[in-house]
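Commentary on secondary and tertiary structure
Here is how the chains run, residue by residue.
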Amino acid sequence: MIFAANFKTNHTRASTRIYMEALKEKIVSKKAEDSVYIFPPSTALDAFEGNFTVGAQNAYPAQNGAYTGEIGVEQLEEFGIQTILVGHSERREMMAETQEKVAQKFAFFKEQGFEIIYCIGEPLHIREKGFESVMQYLLAQFEGIDIAYDKMIVAYEPIWAIGTGRSATVDEISSTHRALKKAINDKPLLYGGSAKPANIKEIISIAGVDGVLVGSAALDVEKFSEMVLS
Ligand code: PGA
């Protein structure tokens, strides 16, 4: 299983260091086949020691250059970071990243050999239209994306389940993952959206779920490590 923690705009450089030190101790007994990823805010990126991978929540598709407010590959290389989230719904919605921009970013980081956690997910009004509309919407988010890329992990995150406390139901996750797995040739597929200690066992036991991408519940190292060890 893959357990990934997306801090979003939470935690400072100081609190991230405390978190990482605690995490390192807490997950020593994790199963060898399980992997853990942490995506801190970019100001907290650093070289950390521990049985986990640190990734970037976002970066500009450039080595370096005149991109005010952004970081590029050069800033990630300083800490040996080779993993990135691409296509998160918050970036698509709030930072106006179109499918075209998302696809360009994917292609750039693929070219750099990065491991990419590629996020997709539908809004509530699409879910309410039924399964066919959901799949049509989700498959459109693969436009311009090389699904054959061997360092791609997909994260299915229904937007209405993100940060709401209400995760998708087992049936919704199960049917969506089954269809997505076929579309992505069995690539690793995470679920994201209000995953927490109370529902983690149920979620990771669903066929077609290879792990979780966790926001809110992962901000607390106790809760996140409880999920990793579940
Ligand atoms: P959440 O966020 O766990 O707070 O719902 C998940 C995500 O956006 O990755």
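See the structure shown above.
So, the overall build of the chain
Counting its secondary structure elements, the chain contains nine helices and eight strands. Projecting the C-alpha coordinates of the chain onto the three principal axes gives extents of approximately 45 × 40 × 30 Å. When burial is assessed residue by residue, the chain has 51% of its 230 residues classed as buried. Taking contacts inside the chain between residues at least 6 apart in sequence as the whole, the part at least 24 apart equals 70%. Of the roughly 10,700 Å² of accessible surface on the chain, a fraction of 50% belongs to carbon and sulfur atoms. The distance from the centre of the 23 positive side-chain charges to the centre of the 31 negative ones in the chain is 3 Å.

What about the side chain of Asn58?
Its place among the elements puts Asn58 in the loop between strand 3 (53-54) and helix 2 (73-77). Here the side chain of Asn58 touches Lys105 through a polar contact of 2.5 Å, side chain to side chain. If sequence neighbours within four positions are ignored, Asn58 has contacts with Glu70, Ile71, Ile84, Leu85, Arg91, Glu97 and Lys105.

Digging into the sheet that holds strand 1 (residues 2-6)
Taken in spatial order, the eight strands make up an open sheet running 3-2-1-8-7-6-5-4, and their pairing is parallel. Bordering the open sheet on either side are strand 3 and strand 4 (83-86), each of which pairs with just one other strand. Relative to strand 2 (residues 35-39), strand 1 runs parallel, the two being bridged by five bridges. Within strand 2, the residue paired with Asn6 across the bridge is Phe39. This element, helix 1 (residues 13-26), spans strand 1, strand 2 and strand 3 of the sheet and lies at about 175 degrees to strand 2.

Digging into the site of the ligand
Lys8, Glu157, Gly163, Ser194 and Ser216 are the nearest of the 13 residues found near the ligand. Here an oxygen atom of the ligand sits 2.7 Å away from a polar atom, N or O, in the side chain of Lys8. At 2.6 Å from an oxygen atom of the ligand is found a side-chain nitrogen or oxygen belonging to Glu157. Summarising the interface, the protein chains cover 99% of the accessible area of the ligand, which totals 280 Å² for the free molecule.

Regarding the pattern of salt bridges
Scanning the entire structure with this criterion turns up 13 salt bridges. Across the pair Arg13 and Asp46 runs a salt bridge, and its minimum N-O distance is 3.0 Å. Linking Arg13 in helix 1 with Asp46 in the loop between strand 2 and strand 3, this pair joins segments that are 33 residues apart in sequence. Of the charged contacts in the structure, one is a salt bridge between Arg127 and Glu122, with a shortest N-O distance of 2.9 Å.

Remarks on helix 9 (residues 221-228)
Listing the buried residues of helix 9 in full gives Val221, Phe224, Ser225, Met227 and Val228. Across the axial projection of helix 9, the buried residues extend over an arc of 155 degrees, all falling on one side. Turning to helix 9, the residues buried within the fold contact strand 1, helix 1, strand 2, helix 8 (200-204) and strand 8 (211-214).

Section: the side chain of Ser225
Here Ser225 is to be found in helix 9. Residues within four places of Ser225 in sequence aside, it is in contact with Leu23, Lys26 and Ile27.

Here we look at helix 1
An ideal rise of 1.5 Å per residue puts 20 Å on 14 residues; helix 1 measures up with 20 Å between its terminal C-alpha atoms. When helix 1 is considered as a whole, its buried residues turn out to be Thr16, Tyr19, Met20 and Leu23. Considered in projection along helix 1, the buried side chains sweep an arc of 100 degrees and stay on one side of the axis. The outward face of helix 1, more than 90 degrees from its buried face, is lined by the exposed residues Ala14, Ile18 and Glu25.

A short note on the environment of Val86
Secondary-structure assignment places Val86 in strand 4. Overall, the relative accessible area of 0% leaves Val86 in the buried class. Note: C-alpha distance between Val86 and Val154 (68 residues apart in sequence) is 9.6 Å.

Considerations on the packing of helix 1 against helix 9
Helix 9 packs onto helix 1 with a crossing angle of 30 degrees between their chain directions and a minimal axis gap of 10 Å. For the element pair helix 1 / helix 9, the angle class is roughly parallel. As for the relative orientation of helix 1 and helix 9, their crossing is right-handed in sense. Here Tyr19, Ala22, Leu23 and Lys26 of helix 1 lie close against helix 9, whose contacting residues are Val221, Glu222, Phe224 and Ser225. Partitioning the contact of helix 1 with helix 9 into residue classes produces five nonpolar, one polar and two charged.

The rules behind these values
- Residues numbered from 1 in each chain as written.
- Predicted model: local features only at pLDDT ≥ 70, side-chain atom pairs only at ≥ 80, totals over all residues.
- Heavy atoms only, no water.
- Helix = DSSP H or I, 4+ residues; strand = E, 2+ residues; numbered from the N terminus.
- Buried < 20%, exposed > 50% of the residue type's maximum accessible area, 1.4 Å probe, protein only.
- Contact = heavy atoms within 4.5 Å.
- Areas by Shrake-Rupley, 256 points an atom, 1.4 Å probe, with all protein chains shown as cover.
- Lys, Arg positive; Asp, Glu negative; His and termini not counted.
- Charge placed at Lys NZ, Arg CZ, Asp CG, Glu CD.
- Polar contact = N/O pair within 3.5 Å; in protein donor to acceptor, adjacent residues only side chain to side chain.
- Pairing = 2+ DSSP bridges.
- Axes fitted to C-alpha atoms, helices over the stretch in contact; angles between N-to-C directions.
- Near = heavy atom within 4 Å.
- Salt bridge = Lys/Arg side-chain N within 4 Å of Asp/Glu carboxyl O.
- Arc of directions from axis to C-beta.
- Expected span 1.5 Å × (residues − 1).
- Parallel < 35°, antiparallel > 145°, perpendicular 65-115°, else oblique.
- Left-handed = near helix turned anticlockwise from the far one by under 90°.
- Nonpolar A, V, L, I, M, F, W, Y, C, P; charged D, E, K, R; others polar.

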